[in-house]
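So the chains spell out like this:
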Amino acid sequence: MDLGDFRERLASSRLEPRTLGVCLALTDVLSDVRPGDGQHLGLAFFRERLEGNTSYDEILPALSILCSFEGAILEMHGYLDDAEEGQLHLQDEDFSELLVSGQLVHPVSGEQVPNPMAHVRIFYSLRGDA
């Protein structure tokens, strides 16, 4: 998918104007990402590149839209920041289950992780066809 085509479809959507503006600004940020560099983009990456006073409360819903809008250009992933094992990237299925149920089985020990969202970090990546 071409980012320009995605941006055009997004611009013609019926999103709330402020959210649409943030979505379009984020799409512009993503258009400047060099091939191969868009696999591990954190929230701070987007915040630092947006002009003005865009808050995290505005960025997060816009990122969600960019992950779910028809022909989405982003994917959301997570890793467990474990004190003993370091950063453990979660399988997409495990991450999805965490988002739905709020529960996470430790990828190494197999034990339930107490309060997993306090230890999971979310990051985004450009879809391969974006």
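Look above for the structure.
Residues numbered from 1 in each chain as written. Predicted model: local features only at pLDDT ≥ 70, side-chain atom pairs only at ≥ 80, totals over all residues. Heavy atoms only, no water.

## Description of the overall build of the chain
Broken down by element type, the chain carries five helices and three strands. Counted from the first residue to the last, the chain has its helices and strands arranged as α-α-α-α-β-β-α-β. Its C-alpha atoms put the chain at 45 × 30 × 25 Å along the principal axes. Contacts spanning at least 24 positions in sequence make up 57% of the contacts within the chain whose residues lie at least 6 apart. Approximately 7,800 Å² of the chain is accessible, and the part contributed by carbon and sulfur atoms is 47%. (Helix = DSSP H or I, 4+ residues; strand = E, 2+ residues; numbered from the N terminus. Contact = heavy atoms within 4.5 Å. Areas by Shrake-Rupley, 256 points an atom, 1.4 Å probe, with all protein chains shown as cover.)

## As for the packing of helix H2 (residues 17–31) against helix H4 (residues 56–68)
Contact geometry of H2 with H4 gives a least axis separation of 9 Å together with a crossing angle of 70°. The angle between the axes of H2 and H4 places the two elements in the roughly perpendicular class. The chirality of how H2 crosses H4 is right-handed. Between H2, through Arg18, Thr19, Val22, Cys23, Leu26, Thr27 and Leu30, and H4, the contact on the second element is made entirely by Glu58, Ile59, Ala62, Leu63, Ile65 and Leu66. Of the residues in the contact of H2 with H4, the class split is nine nonpolar, two polar and two charged. (Axes fitted to C-alpha atoms, helices over the stretch in contact; angles between N-to-C directions. Parallel < 35°, antiparallel > 145°, perpendicular 65-115°, else oblique. Left-handed = near helix turned anticlockwise from the far one by under 90°. Nonpolar A, V, L, I, M, F, W, Y, C, P; charged D, E, K, R; others polar.)

## Examining the state of the cysteines
Taken as a whole and assessed by the stated rule, the structure comprises zero disulfides. Free of any disulfide, Cys67 has its nearest neighbouring cysteine sulfur in Cys23, separated by 10 Å. You can call Cys67 buried: its relative accessible area is 18%. (Disulfide = S-S within 2.5 Å. Buried < 20%, exposed > 50% of the residue type's maximum accessible area, 1.4 Å probe, protein only.)

## A look at the packing of aromatic side chains
Geometrically, a pair of aromatic rings is defined through the distance of the ring centres and the angle of the planes. Applying the stated rule across the entire model yields four aromatic pairs. Each ring, one from Phe46 and one from Tyr124, has its centre 6.0 Å from the other, and the planes form 80°; the classification is edge-to-face. Of the two residues, Phe46 sits in helix H3 (residues 43–49) while Tyr124 sits in strand E3 (residues 120–126), which places them 78 residues apart along the sequence. Seen in terms of ring centroids, Tyr79 and Phe123 are 6.2 Å apart; in terms of plane orientation they differ by 40°. Their pairing is tilted. With Tyr79 in strand E1 (residues 74–82) and Phe123 in strand E3, the pair connects residues that are 44 residues apart, well separated along the chain. In this structure Tyr79 comes out as buried when scored by relative accessible area, which is 12%. (Phe/Tyr/Trp six-rings, centres within 6.5 Å; stacked < 30°, edge-to-face > 60°.)

## Focus: the nonpolar core
Counting residues in hydrophobic clusters, the biggest one holds 25 residues, and the most contacted among them are Leu10, Leu26, Leu30, Phe46, Leu66 and Leu74. The greatest single-element share of this core, amounting to seven residues, is contributed by H2. (Core = buried A, V, L, I, M, F, W, Y, C linked by side-chain atoms within 4.5 Å.)

## Some thoughts on the pairing of E1
Two elements, E1 and E3, share seven bridges in a ladder whose sense is antiparallel. Each residue of the ladder has a partner; that of Leu74, found in E3, is Leu126. Sheet topology places E1 next to strand E2 (residues 86–89); four bridges connect them, and they run antiparallel. Note on E2: the bridge partner recorded for Leu80 is Leu88. Where E1 hands over to E2, the hairpin turn is made up of three residues, counted between the paired strands. (Pairing = 2+ DSSP bridges.)

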